[in-house]
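So you can see what is in the structure, the chains are spelled out below.
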Amino acid sequence: MYAALVVDDEEIIRRGICRKLERFFPQLKLAPPQENALEALHYIQNNQVDIVYVDIRMPLVDGLEFISRARQYNPYLQFVVISGYTNFEYARTALQLEVKDYLLKPIDNGEFREVTARLIKELDEKKEQIRDRRHVKSQAEEGKFLKKSRYLTELVRADSSMDTVELEKDLEEMGIRFTHTYHRVLAVIVQDIRSVPGFEDVSGLAVLQFAVCNIMDEVFLHCGCTSFVHEKGENQFIIILNTETSLAAHFLREKAHHLLNVLKSIYGLDAAAGIGKEVQRTEDLCVSYAEALESGFRCSMLGLSEVEICEGTKQKRLEMRLLNEFDKNILEGYIKSQNEAGIRQFVDEMLSRVKKEGLTYTNVKIMCLDIYMLAAKLLAEKGKDTETAVKMLERLDRQAVKNTGLEEFRKYLEQTLCVISRQFDDRKKSSGKTLITDILAYVDEHYSKDVSLGTIAGKFFINPSYLSQLFKKEMNMKFIDYITDVRIKKALVLLETTSLTVNEVAEAVGYKDTRYFREIFVKHMGKTPSQYRMEGVGGGTQEI
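Residues numbered from 1 in each chain as written. Predicted model: local features only at pLDDT ≥ 70, side-chain atom pairs only at ≥ 80, totals over all residues. Heavy atoms only, no water.

What's the story with the packing of helix α20 (residues 479-497) against helix α22 (residues 514-525) in this structure? I'm lost.
Angle between the axes and distance between the axes are the two parameters that describe a pair of packed helices. Relative to each other, α20 and α22 sit at 95°, their axes nearing to 11 Å. Looking at the two axes, α20 sits roughly perpendicular to α22. Judged by residue contacts, Thr-484, Ile-488, Ala-491, Leu-492 and Leu-495 of α20 engage Phe-517, Ile-520, Phe-521, His-524 and Met-525 from α22. Of the residues contributing to the contact of α20 with α22, the split by class is eight nonpolar, two polar and no charged. (Axes fitted to C-alpha atoms, helices over the stretch in contact; angles between N-to-C directions. Helix = DSSP H or I, 4+ residues; strand = E, 2+ residues; numbered from the N terminus. Parallel < 35°, antiparallel > 145°, perpendicular 65-115°, else oblique. Contact = heavy atoms within 4.5 Å. Nonpolar A, V, L, I, M, F, W, Y, C, P; charged D, E, K, R; others polar.)

Structural data, given as structure tokens:
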């Protein structure tokens with residue numbers, strides 16, 4: 001579908017032209033009409049536009065200057081000048097700018113329909129010409145194209161300490177030379193590349209990749225562009241820019257936006273672009289390449305923007321954000337208790353944090369690796385097959401390479417963790433007995449720490465009131481009484497077998513307040529800790 005844009009400072013004219021387009025050409029996508037050239041230029045930089053109807057006399061920037069500047073952003077634009085002026089100089093200037101036609105106000109419906117129909121036909125022919133170009137030399141160039149892609153991939157992935165002289169010589173034999181001072185890598189990440197009609201099979205995919213690279217070369221024609229397909233991803237395209245002078249960031253961003261619009265217009269491809277920082281040696285292309293891929297994935301997966309550019313001379317430090325122990329404990333509890341709502345909430349919050357805090361795509365992969373490690377550990381501890389966790393990590397990695405969006409990424413992660421959680425259903429079948437057994441084991445190991453009802457409920461992700469009722473039902477005693485009983489028994493052993501002071505014994509069994517410990521001890525044993533020690537072992541250290 002082609003997009004038409006109307007630019008005129010008179011609202012009545014804008015509405016009139018838009019109504020004609022809606023009436024006569026419903027197949028056209030109507031862009032939001034713009035009342036001045038500056039706003040229209042901004043819109044063209046960031047959106048698909050094919051046909052522009054522009055008034056010749058406007059404030060700030062007139063129509064002819066607008067056409068000249070718009071051509072820099074998109075050389076494929078089709079312009080129709082609309083004006084109430086019949087001055088020949090305007091018409092001649094418009095023709096020099098390759099304006100397709102010149103309509104006078106008031107616009108005749110028949111003439112408007114004729115001009116617009118002709119433009120649509122020319123756009124169809126242009127699109128077909130570009131698409132047909134893929135067949136030119138496709139067979140003869142296939143081997144050379146694949147070889148070039150392989151060599152250039154090796155070059156950008158080579159460590160900066162490696163000698164790339166031989167590799168550059170091989171590239172020179174293929175006519176690829178880097179003769180200028182400044183280098184920069186741009187990565188284009190395309191979604192659903194196998195869904196383009198007519199290119200679904202393997203041979204069609206290779207042809208489409210070749211065609212996309214041709215478009216990239218054409219968009220960056222005067223920037224020393226060398227484009228190729230990344231060997232690890234059929235949907236990842238790389239551009240090396242080698243220029244005599246440093247390229248401005250806004251220029252690169254505009255060119256990248258235009259490239260994405262062309263790919264969308266011709267092939268219906270949704271894509272994102274990342275641009276690495278500028279380097280001055282081919283040996284450092286690996287740095288710019290890594291940043292370009294990271295930025296491209298960040299745009300495509302996190303959906304924060306279409307184009308992201310890395311600027312500055314210092315390499316930004318990658319902050320390795322892993323799940324902390326608290327996060328892991330939370331997720332472990334959700335998995336063990338089969339709390340699928342909790343699992344979904346956990347994953348949602350994790351990925352929301354990624355977007356909110358501006359973390360990188362790499363951070364997402366690291367978090368997923370942490371989740372895999374936790375899931376595999378839990379399955380192994382229960383004697384379960386860890387294949388589900390392994391497949392989860394492999395699938396997540398494949399989805400990353402294929403440029404899966406964050407939403408689909410989230411859905412798969414939640415689904416798989418819920419499947420893993422269901423393997424722990426023995427807890428439910430035993431009507432709480434297994435849960436209580438696990439809690440008793442936990443208390444026996446951690447009695448010297450905070451093992452209150454609230455803490456245990458939080459650890460095992462159940463309601464404190466439910467835990468209290470369940471514990472009393474299964475153990476025939478209150479939870480607090482059980483904790484006290486465990487601690488007193490541990491204290492008796494320490495008093496009988498060690499020379500620890502009463503203060504030290506109290507702290508060792510989980511009581512920070514020695515006075516409270518004495519009171520509890522007397523209540524249960526009918527004597528103080530010191531009396532118990534002296535009567536039980538015939539003497540010992542004095543109570544402090």
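After presenting the structure, the write-up continues.
Explanation requested: the packing of aromatic side chains in the structure shown.
Pairs of aromatic rings are described using the distance from one ring centre to the other and the angle between the two planes. What the rule picks out here adds up to eight aromatic pairs. An aromatic cluster is built from Tyr-511, Tyr-516, Phe-517, Phe-521 and Tyr-532, whose rings are joined through pairwise contacts. Looking at Arg-487, its charged tip hangs above the ring of Tyr-511, at a distance of 5.3 Å from the centre. (Phe/Tyr/Trp six-rings, centres within 6.5 Å; stacked < 30°, edge-to-face > 60°. Lys NZ or Arg CZ within 6 Å of the ring centre and 35° of its normal.)

Explanation requested: the confidence of the model for the protein in the structure shown.
Caution is warranted with low-pLDDT regions, since their predicted coordinates should not be read in detail. The predicted model of the protein has a mean per-residue pLDDT of 78, with 79% of residues at 70 or higher. Within the model, pLDDT remains below 50 along residues 313-320, and this stretch shows ten contacts once partners closer than five positions in the same chain are excluded. For the stretch residues 427-431, pLDDT sits under 50, and the model shows eleven contacts to residues farther than four places along the chain or on other chains. (pLDDT = per-residue confidence, 0-100.)

Hey, could you run me through the sheet that holds strand β2 (residues 29-30) in this one?
Hydrogen bonds along the backbone pair up the strands of a sheet, which may run parallel or antiparallel. Pairing in this open sheet of five strands is parallel, and the strands run β2-β1-β3-β4-β5 from one edge to the other. Strands at the two margins of the open sheet, each flanked by one partner only, are β2 and β5 (101-104). As judged from the five bridges shared by strand β3 (residues 51-55) and strand β4 (residues 78-83), these two strands associate in the parallel manner. Paired with Asp-55 across the strands is Ile-82, a residue of β4. This element, helix α1 (residues 11-24), spans β1 (3-7), β2, β3 and β4 of the sheet and lies at about 160° to β1. (Pairing = 2+ DSSP bridges.)

In this structure, what is going on with the side chain of Ser-295? I would like to understand it.
Tracing the backbone through its elements, the reader meets Ser-295 in helix α10 (residues 285-302). Exposure remark for Ser-295: the relative accessible area of 7% places this residue in the buried category. One polar contact links the side chain of Ser-295 to the main-chain carbonyl oxygen of Glu-291, over a distance of 2.9 Å. Apart from the residues lying within four places of it in its own chain, the contact partners of Ser-295 are Gly-274, Ile-275 and Glu-308. (Buried < 20%, exposed > 50% of the residue type's maximum accessible area, 1.4 Å probe, protein only. Polar contact = N/O pair within 3.5 Å; in protein donor to acceptor, adjacent residues only side chain to side chain.)

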